[in-house]
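What follows is each chain in one-letter form.
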Amino acid sequence: MSAAQPKGEPRIVVEGLVKRFGSFTAVDHVTFRIAEGEIVGFIGPNGAGKSTTIRILCGLLRPSEGRAVVAGIDVTRDPEAVRQHIGYMSQKFSLYGDLTVAENLRFFGSIYGVPRAVLGERMRFAVEMAGLSGREDALVSTLAGGWKQRLALGCAILHRPPILFLDEPTSGVDPESRRRFWDLIHALAADGVTVLVSTHYMDEAEYCNRVALINQGRLVAMGSPVELKRRGLGGDLLLIETDALGLALAALEGAPGVRDVAAFGNTLHVLVDAAALAQRDLPKRLADHGVADARIASIEPTLEDIFVRLVATSAAAGAAS
Amino acid sequence: MRVGRLKAMAVKEMLQVWRDPRSLMIALLMPIMQMVLLGYGVNLDAKHVPVCTFDREGSQLSEALLKRFQASAYFAIVDVVDTYRAVTADLDRGDCRIAIVVPPDFSERLSDSGSSSVQAIIDGTDDNTANLALGYAQAVVSGFSSDVQIRFSASQGQWMPRPPPLSIDARVWFNEDLESRNFIIPGVVAMVMALVGSQLTSLTISRDWERGTMELLVSTPVTPMEVMLGKLLPYFVIGFLDAALCLAFAVFWFEVPFRGTILTLFVTTALFLVVVLCIGYLISVMIRSQLGASQIALLVTMLPTALLSGYTFPIDQMPAPIRAITYLVHARYYVTILKSVFLKGLGVFDLAGPVLAMVIYAAVVAVFASRAFRKRLD
């Protein structure tokens, strides 16, 4: 599952991609490759350029610079050919609310050119997948968020596309529905479908084979979640719990072996060169500064830690150069 | 282009229209409402023109003359007064459009000199009605005058009065009763179809943009041609229903004589529908909001059609530059065709000129419409 390197042939190749809207650069020289059967997550805050990149890959927006190749086809040169190979779920729900579940499925099936002989069976599959059996005749506008999203996914895979672009498919959906949705994505990837999915939920990154961290149009880092955590921090992470938070913060900033201190709620996250060394030295230093009740534990960093750290270092690097 | 996709688009669009009260209203109620409003509202006949009379003589003869006015369908006596001041007041208030004043020496001068006159004071603010009222008044008086002459001749012992040396033997063709309604209603049908047609399609593409469904649609392999034809097809059917409704309304309700063939009507209406539906579609593609698109569609069809199509204001009486502009107004051709088909009973070949113009118009608009839609977001 945690493939660090793309396995097999790349299905999506993006090189030096730039998209400008007037003076605003939404996508800034982004380069990556995605292999067959991979699930790649685009992680980043709203407005980071995730949707714009996905729209370019679907042939909906023309890139200002660079190249994007999907299923071996250059999207700028032949967007129509690309569309035969992709399924797309846009950020805004875009099925027809005034049509029923079955009518939507039949419409998109016909539009994608699904042969009549298999359409019925594919529609049944999609309805079951979305958990909408028995509600085929319900107007889509009457469905709750989770069902809508799963139905949209069902519509996007009616024509069995080898590549899926999902733009924030789980936004505004309850946690239970989100888990179910990710189960579906994993099942599709197991069948060889390549999935590029954007989200602003950091915890969803853990479901992806690889994660692309995106901020202000730039690709900050890309790799498997495990790899990113190991590489991204360049040290070990300690959690310090204390009642004297301010005192502890002052004591640790600039201490030897301490790279970074950040307050996380009523605890401190401390990035150190080596956990073992620090766990021996830090209690004394804290005690010297009048922090007596500190409890120190070594913790696994979350992707959010990584993201914050990477954005900070890349911003610093950008300022230095 | 694939038939399966085209059919899917058309079916989808039909279902959406059927479930959208706003579209349904435009499709079915608007034409009927407009037929009624425009059909009754626009009337160029001056019937029952309000008259006030001031008989300063009160003789048998003067009363006989005023009775003529009373009997005429063109006039309605609304006030009988006995001072000039009252006459002025009536005209000022607009209670009457014309006042007939019989002088105190009316009969006396007639018997003395064989000729007399009555005064007509006319409100000229609306020149059209004033002209008509004057003409009608002259007709009433001259009718009375020849009666007087006959009676006078008879009293002189002449059996046959001499006929006037010259007269017109008038025979009216096409609109025998000179009913302005017969001339206007076919034009109203054209006007209604121009409005409704472009309204119907002005919402189709903008609705998809507004609801966000367009983003998904353009990411599919559907072609712009399939989108256009698939969206226009249901409205073509609805447009035909509307046209049939309006035409039936014209024939059976307003009783406009229909002398042409249904086939001519069918062919020309189909052409006109292509033009107006494509215009609406074009606007819908360019303006991505439903409200904006329907407003623009109203603006670009309403004014040119009302003023420059010749449906009320005759084109051949317009100044040359304006007349040149009317060639760009689609409804101009359909108005000409409908009037000819209704009143003259002309066929498609008699109408080759306007029909050809509509074919060219339809082709140009359809080409523009089919190229306007881009499967892109930027």
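Residues numbered from 1 in each chain as written. Chains lettered and ligands numbered in written order. Predicted model: local features only at pLDDT ≥ 70, side-chain atom pairs only at ≥ 80, totals over all residues.

Before we go on, may I ask you to explain the overall build of chain A in this structure?
The number of helices and strands found in chain A is 10 helices and 14 strands. Expressed along its principal axes, the backbone C-alpha trace of chain A runs to roughly 75 × 45 × 35 Å. A total of 321 residues make up chain A; the buried ones form 45% of that total. Contacts in chain A between residues at least 24 apart in sequence constitute 69% of all its contacts with a sequence separation of at least 6. (Helix = DSSP H or I, 4+ residues; strand = E, 2+ residues; numbered from the N terminus. Buried ≥ 20, exposed ≤ 12 C-beta atoms within 10 Å, placed from the backbone. Contact = placed C-beta atoms within 7 Å.)

Looking at this model, I keep getting lost on the overall build of chain B. Mind explaining?
From N to C terminus, chain B includes 15 helices and 4 strands. Over its C-alpha trace chain B gives a radius of gyration of 29 Å, far above what one expects of a compact globule, namely 21 Å for 378 residues. Seen along its three principal axes, the alpha-carbon backbone of chain B occupies a region of about 95 × 45 × 40 Å. Taking all 378 residues of chain B together, the buried fraction comes to 38%. Considering only contacts within chain B whose residues lie at least 6 apart along the sequence, 79% involve residues at least 24 apart. (Rg over C-alpha atoms; globule rule 2.2 N^0.38 Å.)

Please clarify how the sheet that holds strand E4 (residues 65-70) of chain A should be interpreted in this entry.
Strands belonging to one sheet form pairs held by backbone hydrogen bonds; the direction of such a pair is parallel or antiparallel. All names here are of chain A. Taken in spatial order, the 4 strands make up an open sheet running E2-E1-E4-E5, and their pairing is antiparallel. For this open sheet the edge positions go to strand E2 (24-35) and strand E5 (73-74), each flanked by a neighbour on one side alone. Across the sheet, helix H1 (residues 50-57) lies against strand E1 (10-21), E2 and E4, angled at about 120° from E1, the strand it touches most. (Pairing = 2+ DSSP bridges. Axes fitted to C-alpha atoms, helices over the stretch in contact; angles between N-to-C directions.)

Before we go on, may I ask you to explain the domain arrangement of chain A in this structure?
For interface size, the figure often reported is the accessible area lost on association. Residues and elements named next belong to chain A. Entries for chain A in the domain assignment read domain 1 (10-227) and domain 2 (234-320). Computed from C-alpha coordinates alone, the two centres of domain 1 and domain 2 are separated by 38 Å. Residue-level contacts link 9 residues of domain 1 with 7 residues of domain 2. Residue assignment for the side of domain 1 that touches domain 2 shows that the elements contributing at least two residues are strand E9 (210-215) and strand E10 (218-223). Ranked by residue count, the leading element in the side of domain 1 that touches domain 2 is E9, at 3 residues. A breakdown of the residues in the side of domain 1 that touches domain 2 according to their chemical character gives 8 nonpolar, 1 polar and no charged. (Domains from an automatic or database assignment. Nonpolar A, V, L, I, M, F, W, Y, C, P; charged D, E, K, R; others polar.)

Just checking my understanding: could you explain helix H10 (residues 224-253) of chain B for this structure?
An α-helical turn contains 3.6 residues, so a residue and the one three or four places further along point in the same direction. The end-to-end C-alpha distance of H10(B) is 42 Å, a good match for the 44 Å that 30 residues give at a rise of 1.5 Å each. Backbone geometry just downstream of H10(B) places Glu255(B) in the positive-phi region, at approximately 55°. (Expected span 1.5 Å × (residues − 1).)

Please clarify how the packing of helix H3 (residues 101-111) of chain A against helix H4 (residues 116-129) of chain A should be interpreted in this entry.
Pairs of packed helices are described in terms of their axes, by the angle between the two and the distance that separates them. Residues and elements named next belong to chain A. One way to put it is that H3 packs onto H4 with a least axis distance of 10 Å and a crossing angle of 130°. It follows from the interaxial angle that H3 and H4 lie oblique. Relative to H4, H3 is oriented so that their crossing is right-handed. Residues Val101, Ala102, Leu105, Arg106 and Gly109 of H3 pack against Leu119, Arg122, Met123, Ala126 and Val127 of H4. (Parallel < 35°, antiparallel > 145°, perpendicular 65-115°, else oblique. Left-handed = near helix turned anticlockwise from the far one by under 90°.)

Can you help me understand the interface of chain B and chain A in this one?
In this complex, chain B contributes 21 residues to the contact, which on the side of chain A involves 22 residues. Broken down by secondary-structure element, the contributors of at least two residues to the side of chain B that touches chain A are helix H1 (3-19) and helix H9 (213-218) of chain B. Grouping the constituent residues of the side of chain B that touches chain A by class yields 7 nonpolar, 6 polar and 8 charged.

It is not clear to me how the sheet that holds strand E12 (residues 258-264) of chain A should be interpreted in this structure. Could you clarify?
Residues and elements named next belong to chain A. One open sheet holds the 4 strands; their spatial order is E12-E13-E11-E14, and the pairing between them is antiparallel. Pairing within the sheet leaves two strands with one partner each, and these edge strands are E12 and strand E14 (295-299). With direction set aside, neighbouring strand axes in the sheet form an average angle of 25°. Bridging between strand E11 (residues 236-241) and E14 involves 5 bridges; their strand directions are antiparallel. Pairing of Leu237 across the sheet is with Ile299, part of E14. Seen against the sheet, helix H9 (residues 275-288) touches E11, strand E13 (267-272) and E14 and runs at an angle of roughly 170° to E14.

It is not clear to me how the pairing of E4(A) should be interpreted in this structure. Could you clarify?
For a regular strand, the rule is simple: side chains alternate between the two faces of the sheet. Residues and elements named next belong to chain A. Looking at chain direction, E1 and E4 are connected through 5 bridges and run antiparallel. Paired with Val13 across the two strands is Val69, which belongs to E4. Following E4, the chain reverses through 2 residues before pairing antiparallel with E5; Ala71 in that reversal takes a positive phi of roughly 55°.

So what exactly am I meant to see when it comes to unusual backbone geometry here?
What is expected of a backbone is that most residues other than glycine have negative phi and most peptide bonds are trans. The phi dihedral of Ala71(A) is positive, around 55°, even though this residue is not glycine. Turning to its location among the elements, Ala71(A) is positioned in the loop between E4 and E5. One non-glycine residue, Glu255(B), lies in positive phi territory at about 55°. Note that Glu255(B) resides in the loop between H10 and helix H11 (262-286).

What exactly am I supposed to notice about the domain arrangement of chain B here?
What the domain assignment reports for chain B is domain 1 (3-43 + 179-372) and domain 2 (49-155). Averaged C-alpha coordinates put domain 1 of chain B and domain 2 of chain B at centres separated by 48 Å.

Whenever I open this one, the confidence of the model for chain B confuses me. Can you help?
One rule of thumb: low pLDDT means the predicted coordinates there are not for detailed reading. In this model, chain B carries a mean pLDDT of 89, and residues with pLDDT of at least 70 account for 97%. Scoring the predicted complex yields pTM 0.80 and, for the interface, ipTM 0.81. (pLDDT = per-residue confidence, 0-100.)

Would you take a moment to explain the environment of Arg122(A) for this structure?
Residue and element names in this part refer to chain A. Examined against the element boundaries, Arg122 turns out to sit in helix H4. You can call Arg122 partly exposed: it has 19 C-beta atoms within 10 Å. Sequence spacing of Arg122 and Leu105 is 17 residues, and the spatial spacing of their C-alpha atoms is 9.1 Å. Ignoring anything within four residues of it in the chain, the contact list for Arg122 reads Gly109, Val114 and Leu158.

Teacher, can you tell me more about the packing of H11(B) against helix H15 (residues 352-372) of chain B here?
All names here are of chain B. One can describe the packing of H11 onto H15 by two numbers: an axis separation of 9 Å at closest approach and a directional angle of 25°. One finds that H11 runs roughly parallel with respect to H15. Crossing handedness for the pair H11 and H15: left-handed. Across the interface between the two elements, Thr268, Leu271, Phe272, Val274, Val275, Cys278, Ile279, Tyr281, Leu282, Val285 and Met286 from H11 touch Val355, Met358, Val359, Tyr361, Ala362, Val365, Ala366, Phe368, Ala369 and Ala372 from H15. Looking at the contact of H11 with H15 residue by residue, the classes come out as 20 nonpolar, 1 polar and no charged.

Honestly, helix H8 (residues 204-211) of chain B in this entry has me stumped. Any pointers?
All buried positions along H8(B) are accounted for by Thr204(B), Ile205(B), Ser206(B), Arg207(B) and Asp208(B). Backbone geometry just downstream of H8(B) places Gly212(B) in the positive-phi region, at approximately 85°.

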